[in-house]
Amino acid sequence: MIPATFDYVRPGSLDEACQALASDEDAKALAGGQSLLPLLRLRLAYPSTLVDLGRLPELTGVHDRGDHVFIGAMTTHDEVMRSSLVNSACPLVALTTATVADPAVRHRGTFGGSLAHADPAADLPAVVLALDGVLVARSAEGEREIPAAEFFVDYLESALRPGEILLGARIPKLGDGWGYHYEKFHRTAQAWPIVGVAAAVRRSNGSIQEARIGLTNMGPTPLRARAVESALQGAELGDQVRQACEQAAEGTSPSGDLHAQPDYRRHLARVLTHRAIRTAAGSP
Ligand code: FAD
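Just so you know, these numbers come straight off a predicted model, no measurement behind them. (Residues numbered from 1 in each chain as written. Predicted model: local features only at pLDDT ≥ 70, side-chain atom pairs only at ≥ 80, totals over all residues. Heavy atoms only, no water.)

1. Some details on the overall build of the chain
Across its full length, the chain carries 12 helices and 14 strands. Along the first, second and third principal axes, the C-alpha set of the chain runs to 60 × 45 × 30 Å. Residue pairs in contact within the chain that sit at least 24 positions apart in sequence constitute 61% of those at least 6 positions apart. Carbon and sulfur atoms form 48% of the exposed surface of the chain, whose accessible area is close to 13,200 Å². Taken together, the 27 basic and 33 acidic charged side chains of the chain have centroids lying 5 Å from each other. (Helix = DSSP H or I, 4+ residues; strand = E, 2+ residues; numbered from the N terminus. Contact = heavy atoms within 4.5 Å. Areas by Shrake-Rupley, 256 points an atom, 1.4 Å probe, with all protein chains shown as cover. Lys, Arg positive; Asp, Glu negative; His and termini not counted. Charge placed at Lys NZ, Arg CZ, Asp CG, Glu CD.)

This is how it looks when you write it as structure tokens:
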């Protein structure tokens, strides 16, 4: 289908971009267009103006900030997955990004677009949530920080206010002793996950000291598997870990669709959480 008519602006500065969004409540930011343009073509969205963020160098790149890595919102998935800094300091982000879509989408789609779109079926929100990332937004009024736990509000709804631009996200470096894995169940013809599980695990002497787990597509927003995280504290690799992972669907509310009914998604969450934890912990 052909989108409804819209105006298009490509600001040359962040201030101009904030101004363009603030002056028109029906304007929308345009990043890689990999989610927004299909919505326009299906006429599920009809913004009056698209504010293209493609000329704002402040929004691109990956930066080492000591105890965290800052990933600019307009950094493409391809740049993120190839970044040596992301691979060394926050490997869970790199290895999950490599599972997103296909090379063509990864060259256009952006890290920030994936977060701002707040699709519970997207892979990166659960990762940023599991790692306790902090999102940074800017509007004509100034800058503010939003913890990932408060950013994903509902289905396709983030905590961004009208007129706000996502600048990027801070991803804390977890340090030594952590292992990571992203386990994703998807149809072979498509990369979108039916269910995904992001896991970061600190292991010592055959048991798990700490675990962070984010669930993809198990509710209207990405979720933390808090019950499993608590049960894994001090759990020995083997049966104790298996038992802890049985709680992976607790507190979730997956929807049913053509690909999976809620019960099947709950089953997947348990199985994939166990696999993700075992792999992250380096357990056979
Ligand atoms: P856009 O489409 O440009 O924008 C999306 C939304 O975010 C819009 O509402 C826009 O206004 C808003 N927005 C974007 N950037 C900002 C910003 N800086 N500040 C404020 N608002 C902003 N994703 C997965 O996670 N896993 C997959 O397996 C997967 N498979 C895909 C397969 C296909 C064929 C396609 C087309 C997409 C797929 N995606 C997948 C989605 C892809 O990852 C997109 O990159 C992502 O959803 C949106 O990023 P974008 O840069 O294209 O954002």
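Here the narrative resumes, following the displayed structure.
2. Details of the site of the ligand
The full set close to the ligand counts 30 residues, and A29, Q34, S35, L36 and T110 are the nearest of them. A distance of 2.7 Å separates a nitrogen atom of the ligand from a polar side-chain atom of D123. Where the shell around the ligand is concerned, the elements lending two or more residues are strand 2 (27-30), helix 7 (111-117) and strand 10 (165-172). When residues of the shell around the ligand are assigned to their parent elements, the largest contribution, 4 residues, is made by helix 7. (Near = heavy atom within 4 Å. Polar contact = N/O pair within 3.5 Å; in protein donor to acceptor, adjacent residues only side chain to side chain.)

3. Focus on the sheet that holds strand 7 (residues 142-147)
In space, the 5 strands of this open sheet follow the order 4-5-10-6-7, with antiparallel pairing throughout. Strands at the two margins of the open sheet, each flanked by one partner only, are strand 4 (62-64) and strand 7. If you compare each strand with its neighbour and ignore which way they point, the axes differ by 25° on average. With 5 bridges connecting them, strand 5 (residues 68-72) and strand 10 associate as antiparallel partners. Considered in strand 10, the bridge of F70 is made with R170. Together, strand 6 (134-139) and strand 10 form the strand contacts of helix 1 (residues 14-22), whose direction differs from that of strand 10 by roughly 120°. (Pairing = 2+ DSSP bridges. Axes fitted to C-alpha atoms, helices over the stretch in contact; angles between N-to-C directions.)

4. A short note on the environment of Y155
Its place among the elements puts Y155 in the loop between strand 8 (152-154) and strand 9 (157-158). Distance from Y155 to C90, taken between C-alpha atoms, is 26 Å for residues 65 residues apart in sequence. Look past the residues within four positions of Y155 in its chain and what remains in contact with it is A118, P120 and P220.

5. Looking at the pattern of salt bridges
Counted by the stated rule, this structure contains 16 salt bridges. Of the charged contacts in the structure, one is a salt bridge between K173 and D64, with a shortest N-O distance of 2.7 Å. Residue K173 is located in the loop between strand 10 and strand 11 (178-186), and its partner D64 is located in strand 4; the two are separated by 109 residues in the primary sequence. For K173, a relative accessible area of 28% puts it in the partly exposed group. Its salt-bridge partner being D123, residue K184 comes within 2.7 Å of it at the nearest N-O pair. In this pair, K184 is assigned in strand 11 and D123 in helix 8 (residues 123-130), connecting sequence segments 61 residues apart. Exposure remark for K184: the relative accessible area of 14% places this residue in the buried category. Residue classification places D123 among the buried residues on the basis of a relative accessible area of 5%. Through salt bridges with shared partners, one network takes in D132, R202, E210, R212, R224, R226 and E229. (Salt bridge = Lys/Arg side-chain N within 4 Å of Asp/Glu carboxyl O. Buried < 20%, exposed > 50% of the residue type's maximum accessible area, 1.4 Å probe, protein only.)

6. A few points about the domain arrangement of the chain
By the assigned domains, the chain splits into domain 1 (7-52), domain 2 (61-172) and domain 3 (178-280). Placing a centre on the C-alpha atoms of domain 1 and another on those of domain 3 gives a separation of 35 Å. (Domains from an automatic or database assignment.)

7. Some thoughts on helix 1
Listed as buried for helix 1 are L14, A17, C18 and L21. With its buried residues spanning 100° around the axis, helix 1 presents them on a single face. At its buried positions, helix 1 is contacted by strand 2, strand 3 (49-52), strand 6 and strand 10. (Arc of directions from axis to C-beta.)

8. Here we look at the nonpolar core
By size, the foremost hydrophobic cluster in this structure holds 34 residues, and its most contacted members are I71, V93, F111, L115, L131, L135 and I171. It is helix 8 that contributes the most residues to this core, 4 residues altogether. Looking at which domains feed residues into this core, each of domain 2 (61-172) and domain 3 (178-280) supplies at least three. For L131, the contacting residues outside a window of four places in its chain are L92, V93, I171, P172, L174, A200 and R212. (Core = buried A, V, L, I, M, F, W, Y, C linked by side-chain atoms within 4.5 Å.)

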